[in-house]
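The lines below spell out each chain.
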Amino acid sequence: MRTKKIDILSYSNYIVLAIILIVFAIGGNNFLTLKSIYATINNGSPLIIITCGVTFALLVGVIDLSVGAIGYAAGVAAGLLMNRLDMPVALAFLCGIALGVFIGWVNSLFIVKFKMNPMLVSLGMMLIIRAIARIFTDDKTVTLGDHVSAMRKARVAALGGMPMLMFGLIAVIIVCTFVLRHTPFGSKLLAVGCDEKVARRIGINTDRIKTAALMTCGGVCGIAGCFWIVTLGSVVTTGLNSYEFLAIAAAVLGGTSLLGGRGSIYPGSVLGALILLFISSGMSNMGVSIYAIPFVRGIIIFIAMYVDSLRTQSMLKTPMSTVQAKSAPAAAKP
Amino acid sequence: MEKIQSLELKNISKSFPGVKALSDVSFSAYPGKVCGIVGVNGAGKSTMMNILGGLLQPDEGGKILINGREVMIENPKAATELGIAFIQQEIQVFDTMHVYENVLAADFDKWRKGKNSLVLDRKAMKKEVQKHLDALGSNIDVDAPVYSLTVGEKQLLQIARALSEGGQILLFDEPTSSLSDNEIARLFEIINKLKAQGYIIFYISHFLDEIFSLCDNVIVLRDGKKTGDALISDIDKEKLVGMMLGHMVEGNARSGVRAQSEVVLKAEHISGVRLPKDISFELHKGEILGVWGLLGSGRSELFNAMLGIDKMMGGRIYYRENGRLEEISQKKLYPHIGYLTEGRHYDGLFLDMSIKSNITSSDIGRFASKFLGTLNTKKEAVESRSLMKQVNVKATDENMIVSKLSGGNQQKVIIAKWFLKDPDILFMDEPTKGVDIGAKAEIQNLIFEKSEKGMSFVIISSELEEIMSLCDRIIVVYEGRLVGEVSKADFSKDSLMKGIVSQEEKHAD
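Residues numbered from 1 in each chain as written. Chains lettered and ligands numbered in written order. Predicted model: local features only at pLDDT ≥ 70, side-chain atom pairs only at ≥ 80, totals over all residues. Heavy atoms only, no water.

Thoughts on the domain arrangement of chain B
Residues and elements named next belong to chain B.
Phase 1 of the analysis: For chain B, the assigned domains read domain 1 (7-245) and domain 2 (263-508).
Phase 2 of the analysis: Taking only C-alpha atoms into account, the centre of domain 1 sits 35 Å from that of domain 2.
Phase 3 of the analysis: Of the residues lining the interface, twelve residues belong to domain 1; the matching set on domain 2 comes to 17 residues.
Phase 4 of the analysis: Across the interface of domain 1 and domain 2, roughly 1,200 Å² is buried in total on both sides, 62% from carbon and sulfur atoms.
Phase 5 of the analysis: A per-residue breakdown of the area domain 1 buries against domain 2 is headed by Phe-207, Lys-237 and Leu-245, which together make up 36% of the total.
Phase 6 of the analysis: Going through the elements one at a time, helix 7 (208-214) and helix 8 (237-245) are the ones with two or more residues in the side of domain 1 that touches domain 2. (Domains from an automatic or database assignment. Contact = heavy atoms within 4.5 Å. Buried area = accessible area lost by both parts, 1.4 Å probe. Helix = DSSP H or I, 4+ residues; strand = E, 2+ residues; numbered from the N terminus.)

Here we look at helix 5 (residues 151-164) of chain B
All names here are of chain B.
Phase 1 of the analysis: For helix 5, built from 14 residues, the straight-helix expectation of 20 Å at 1.5 Å per residue is met to within 8% by its first-to-last C-alpha distance of 20 Å.
Phase 2 of the analysis: Burial within helix 5 is extensive, with 13 of its 14 residues counted as buried.
Phase 3 of the analysis: One or two positions beyond helix 5, positive phi appears at Gly-166, with a value near 85°. (Expected span 1.5 Å × (residues − 1). Buried < 20%, exposed > 50% of the residue type's maximum accessible area, 1.4 Å probe, protein only.)

Considering empty space enclosed by the protein
Empty space among the atoms becomes visible once a probe the size of a water molecule is rolled across them.
Residues and elements named next belong to chain B.
Phase 1 of the analysis: Here the structure, examined in full by the defined rule, presents two cavities of 30 Å³ or more.
Phase 2 of the analysis: One number sums up the size of the largest cavity: a volume of about 80 Å³.
Phase 3 of the analysis: Taken together, ten residues form the lining of the largest cavity, with Val-40, Gly-293, Leu-294, Leu-295 and Ser-462 sitting closest to its centre.
Phase 4 of the analysis: Of the residues belonging to the lining of the largest cavity, the class tally is five nonpolar, four polar and one charged.
Phase 5 of the analysis: When residues of the lining of the largest cavity are sorted by domain, at least three fall in each of domain 1 (7-245) and domain 2 (263-508).
Phase 6 of the analysis: Space inside the second largest cavity adds up to approximately 40 Å³.
Phase 7 of the analysis: Lining of the second largest cavity is provided by Val-40, Leu-208, Val-241, Met-244, Leu-245, Leu-294 and Met-497. (1 Å grid on protein atoms, 1.4 Å probe; cavity = no way out; pocket = protein on both sides within 12 Å on 5 of 7 lines; lining within 4 Å. Points joined across faces, edges and corners; volume = space filled by probe spheres on them. Nonpolar A, V, L, I, M, F, W, Y, C, P; charged D, E, K, R; others polar.)

A word on the packing of aromatic side chains
Phase 1 of the analysis: Enumeration over the complete set of coordinates arrives at nine aromatic pairs over all chains.
Phase 2 of the analysis: Seen from their ring centres, Phe102(A) and Trp105(A) are 6.0 Å apart, and the 35° between their planes marks the pair as tilted. Note that Phe102(A) and Trp105(A) are positioned in helix 6 (residues 89-113) at a spacing of three residues, about one turn of the helix.
Phase 3 of the analysis: The exposure class assigned to Trp105(A) is partly exposed, which follows from its relative accessible area of 37%.
Phase 4 of the analysis: Ring centres of Phe303(B) and Phe427(B) lie 5.0 Å apart, and the angle between their planes is 85°; on these two criteria the pair is classed as edge-to-face. A residue pair is termed long-range when its members are at least 10 positions apart, and Phe303(B) in helix 9 (residues 299-306) and Phe427(B) in strand 17 (residues 425-429) qualify at 124 residues.
Phase 5 of the analysis: Residue classification places Phe303(B) among the buried residues on the basis of a relative accessible area of 0%.
Phase 6 of the analysis: Note on Phe427(B): relative accessible area 0%, which makes it buried.
Phase 7 of the analysis: An aromatic cluster is built from Phe24(A), Phe31(A) and Phe278(A), whose rings are joined through pairwise contacts. (Phe/Tyr/Trp six-rings, centres within 6.5 Å; stacked < 30°, edge-to-face > 60°.)

In structure tokens:
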């Protein structure tokens, strides 16, 4: 009985996503076409990637509020380098991502080394980054023009006009999933998040793992920043605003625990982000007032948190009923 | 790693500021033997094990030899490398991860597919873990998530972890404290198996029948000194208890028997989730009742179940109010009692708050105005000052932060807190634990004074001397059951131990 219950809960995201798609397909106007789905995912790629990034931080128990700002900073940096210094696109992107990694490292310096509260450190970091980025852009939109338009417009005809950018998105998801699932680093990450004290006691260098997790988070958010400026074709000063909250909500929606130690990139966080994205695109497709969208998102987050608490409770309950059943054969032996 | 043939400890001492936790302890252990380590709380068992596990360093002059060569165990990692594995009392697992990951968590990097590969070889990991689990005779699924395991199975993971790290010397610290009877039987099977395979095993326990059924020899510690080292076949329980407790001065600080006064509290058939089991007792007005038992006997659990901290599975509580003894719910009883818990830092004090706030916290409503509920801080200060004086808290003033006080003074603040509430009954769990001798005497005198004025006390203490000098009557609990009641006239080490020893013997039969 116990395992069955958990199974249903762990598939809840697929079910929710399916329900959302069906509801909007029925109620909406041409919602379930390939073109509109591609558009939703493509425009939502910054959110999906930031959600992947913040998952790394959440898994070690750090609620990183600077993720949106890191993406923004990386986008601004890459955009300015292209626009003002005429730097090659690839190199500009690399610089943006490196900036993300660096900010992640600064965060970890405060959080891990100086033992400051992660939420407040990253909140402060968010304000600082946004302020600096605005100074550099003079609070004006930076247009990127030809630099990225080719990239944005490229489509794969064979796949019904799938934007080329989506390959990049899929690659990011695969790499993040791989790192978390198949490398020693990923396993250590989960161990540290699950119980830092135990992890330290059995010999895992918890400080190093936390630092690496925050730097990975920064780097992935830097990638999100690059996607953001490509999909938009310009750098706007209000970009990626409040994405930290959307991303954390999406990750939790996808089953990542705010306490760390439990969660996944795919299916977890990616599905969580997709749910939020399709809710807003579906609602605008139906012509619902744009002011209602955050309201519905809020409701969805409440429901997600309730499902999460159900999941946690069923996990924390020590399976007492199986104690007798399982050890009975042992007792039978003299 | 070469096979360990012998482990010797020579003249190991360990001093902490103000306390000598171990002095000059020597013993040796050999493969294929289970060596029991016993002693009452604070005897130095844990210090001993922490030294072996690399968590503490012994004082100058002590030596640890493996196969006759002196070794330094500077940290837990060094201990692991030497083949020493510590299976701790608190279960150390990662609940959200899989079984095989838990077993091999100490060194994930070792399990990459190749030297330069980034990928974990999960197949090899599972195979390795399966090997160890098979060796332990367990049928746990290596792929199962750990949260779905029972406590006993989680403990088995720790043993498997110790084996996978190449442990040859296994230290078990109170491994049965949270296991069911079946699981204990299972664990013993495994330990015997490991013994037959030639591991060196140390087994710390408070349960004497476990020591007798499992160990080959036993080392007894008391006050940091080795007071016994014998083959298990050469001694019996009474002898062992004698070594653990030593000879005591049986002082009597209080005369007069209070048992004749009216009953203020009556507990009938109190049972908790696991402990206690069916305990009944009566408490008289102004009486000091002792609850004595070994650690893990369900002493604190009795308090927690009675007072509604934990779930009470069965039983009734009667309380005298307005001259009549009537059944009362735990919730309604709580306003009439005080509960000094065992963990001073954990749930006894608001460490970052002032002495004043701590003292008045037990009855803060008294200082609130009737109309708006605003606090009269002046009155708070005056009353806390007078209580501080009464219990003799040494501090600059009532605004001092509690965490800056010494242990004894902190304990007095807790007592002042409950005296402010002035309940009819005060439950105390280890009221003088970790307190210096001076403060201990003061606390005992405060208890006497208050009981003269009609306050009743129920006191848990691990120290026989203390409980015997303090109490009018002592009930003895063992494995959650009430096994004896001793009145003041009959107080002696033997009369208290008798209940426990007879139970142990019943077990053995």
